[in-house]
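Descriptive analysis of the structure
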Amino acid sequence: MRRTVFNEDHEAFRETIRAFVEAEVVPVYDEWLAAGQVPREFYYKLGELGVFGIEVPEEFGGAGENSFKFQAVLSEECARAGVSFGGSSVHVGLCLPYVMAYGTEEQKKRWLPGFVTGETMFAIAMTEPGTGSDLAGMKTTAKLAADGTHYVLNGAKTFITGGVHADRVIVCARTAPPSAEDRRAGISLFVVDTKSEGYAVGRKLDKLGLKTSDTAELSFSDVRVPLEDLLGEEGKGFSYLGQNLPQERLAIAVGAYSQAAAAVRFAQQYVQDRTVFGKTVASFQNTKFELAACKAEVDAAEAVVDRALEAHDLRELSAADAASAKLFCTEVAGRVIDRCLQLHGGYGYMNEYPIARLYADNRVNRIYGGTSEVMKSIIAKSMGL
Ligand SMILES: Cc1cc2nc3c(=O)[nH]c(=O)nc-3n(C[C@H](O)[C@H](O)[C@H](O)COP(=O)(O)OP(=O)(O)OC[C@H]3O[C@@H](n4cnc5c(N)ncnc54)[C@H](O)[C@@H]3O)c2cc1C
């Protein structure tokens, strides 16, 4: 079906990204995989290309666009080429909306120019070793100092994408204990300078997939956070998360759909090239049926993604809509990529084939940004259940 979700500007951006990925990423991607992260300098290239500034107002060095669809194009093009830009999707897709929505003019002036160039990379730290799905259970604290000039941050976070490279991390912490009526009360957000004394990056975690993404543990030991690095109002952190998680979930839905679509393309190519019993794998009826079924699932996911992208650009995507899109697209991707890997036989299990990396990379889509079970809870709640 013809897609109507992208306009000429989005398609021009797609061409730029496709050429950039082909020239600058594909030739060196094996080195990134071996290093376990994207080189820091690459983020300056993305900054130069304008990728980080698309939705940043012009006065701070950006292009002032008001459409998340550019990020969707980026995600589609990365999946198509079988590559990933590491933590940069969190920088631009997850962190920017918080700064834009809750940052003061002074904060935007301070952070956004570096954000746009890639000089100041952002990450976001919600999850802790003891709590992920149940964020209200977080233990990290930020206590206002007696002289009222700064907060003192203590605690630990884990699984933080971009945690090694980050220059600023949006840290969720308790500024007050939960109240008896509301466990979510008392959480605040801080944009913490990673060079602060007492701030430490722990292990870079060894993951099943997403090998170019620097996922790290962080710890805070009496980190002094100036008052001017509080983001938004004290105590409103949980509602800020609630307002921004839909975009994160949409981004994951788009990523999962894009990976499923890429898997079908990789498999289609492979089965036409591979000969067994004197004929191509493509010639078996089972192969045709498998790929046809996968294509139908990808088409359905595409329709969901496109509708969600339209709704999001119109600021109409609800938490439950985003949860539905994430649940559906990530579950489709899990099924489709598995079936496409099967069609590759043993080669599908070899990391040198993009389908193997897709299989590993895609698995986390059903876990991060809220698990499939949490998505079902959100949807059920919206149904009054
Ligand atoms: C590669 C990677 C990158 C990540 N990046 C970031 C990041 O940048 N920043 C960040 O803050 N976090 C990040 N995360 C954390 C991620 O969001 C959490 O892992 C996720 O929310 C799940 O939390 P958890 O791991 O603590 O699992 P748990 O909450 O311990 O869940 C364990 C199991 O219990 C189930 N469960 C939980 N609650 C319910 C319920 N109410 N009903 C039914 N079942 C339930 C879950 O679905 C799951 O199956 C990342 C994680 C990974 C793996």
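Please read these numbers as outputs of a predicted model, since none were measured by experiment. (Residues numbered from 1 in each chain as written. Predicted model: local features only at pLDDT ≥ 70, side-chain atom pairs only at ≥ 80, totals over all residues. Heavy atoms only, no water.)

Applying the stated criterion across every chain, the model contains 17 aromatic pairs. When the ring of Tyr-98 is compared with that of Tyr-102, the centres are 6.4 Å apart and the planes differ by 55°; the resulting orientation is tilted. One end of the pair is Tyr-98 and the other is Tyr-102, both in helix α5 (residues 88-102) and four residues apart, which spans about a single turn. Neither residue differs from the other here; Tyr-98 and Tyr-102 are each classed as buried. Ring geometry for Tyr-102 and Tyr-240: centres 3.8 Å apart, planes at 20°, overall stacked. In this pair, Tyr-102 sits in helix α5 while Tyr-240 sits in helix α7 (residues 237-273), placing the two residues 138 residues apart along the sequence. On the accessibility criterion, Tyr-102 (14% relative accessible area) is buried. Every member of this aromatic cluster is reached through a ring pair, and the members are Phe-20, Tyr-29, Trp-32, Phe-42, Tyr-43, Phe-52, Phe-85, Trp-111, Phe-115 and Phe-122. (Phe/Tyr/Trp six-rings, centres within 6.5 Å; stacked < 30°, edge-to-face > 60°. Helix = DSSP H or I, 4+ residues; strand = E, 2+ residues; numbered from the N terminus. Buried < 20%, exposed > 50% of the residue type's maximum accessible area, 1.4 Å probe, protein only.)

The next thing to look at is the UniProt feature "domain: Acyl-CoA dehydrogenase/oxidase C-terminal" (unreviewed entry) in the chain. The sites that carry the UniProt feature "domain: Acyl-CoA dehydrogenase/oxidase C-terminal" (unreviewed entry) are, in the present numbering, residues 235-383. The distance separating the terminal C-alpha atoms of residues 235-383 is 29 Å; by composition the span is 75% helix and 3% strand. (UniProt positions renumbered as here; feature names shortened; annotations may be inferred.)

What follows is about the site of the ligand. Around the ligand, the surrounding shell holds 17 residues, and the nearest of these are Thr-127, Ser-133, Phe-159, Thr-371 and Glu-373. At 2.7 Å, a backbone N or O of Met-126 approaches an oxygen atom of the ligand. Taking Thr-371, its side chain carries an N or O atom lying 2.7 Å from an oxygen atom of the ligand. In isolation the ligand exposes 980 Å². Once the protein is present, 63% of that is buried. When residues of the shell around the ligand are traced back to their parent elements, those giving at least two are β1 (122-125) and β3 (150-161). (Near = heavy atom within 4 Å. Polar contact = N/O pair within 3.5 Å; in protein donor to acceptor, adjacent residues only side chain to side chain. Areas by Shrake-Rupley, 256 points an atom, 1.4 Å probe, with all protein chains shown as cover.)

Even without a glycine there, the phi angle at Leu-210 is positive, about 45°. We classify Leu-210 as buried; its relative accessible area is 17%.

Attention now moves to the packing of α7 against helix α9 (residues 319-343). Where α7 contacts α9, the two axes come as close as 8 Å, and the packing angle between them is 20°. Here α7 is positioned roughly parallel relative to α9, judged by the angle of their axes. Handedness of the α7/α9 crossing: left-handed. For the contact of α7 with α9, the per-class residue count stands at 20 nonpolar, two polar and two charged. (Axes fitted to C-alpha atoms, helices over the stretch in contact; angles between N-to-C directions. Parallel < 35°, antiparallel > 145°, perpendicular 65-115°, else oblique. Left-handed = near helix turned anticlockwise from the far one by under 90°. Nonpolar A, V, L, I, M, F, W, Y, C, P; charged D, E, K, R; others polar.)

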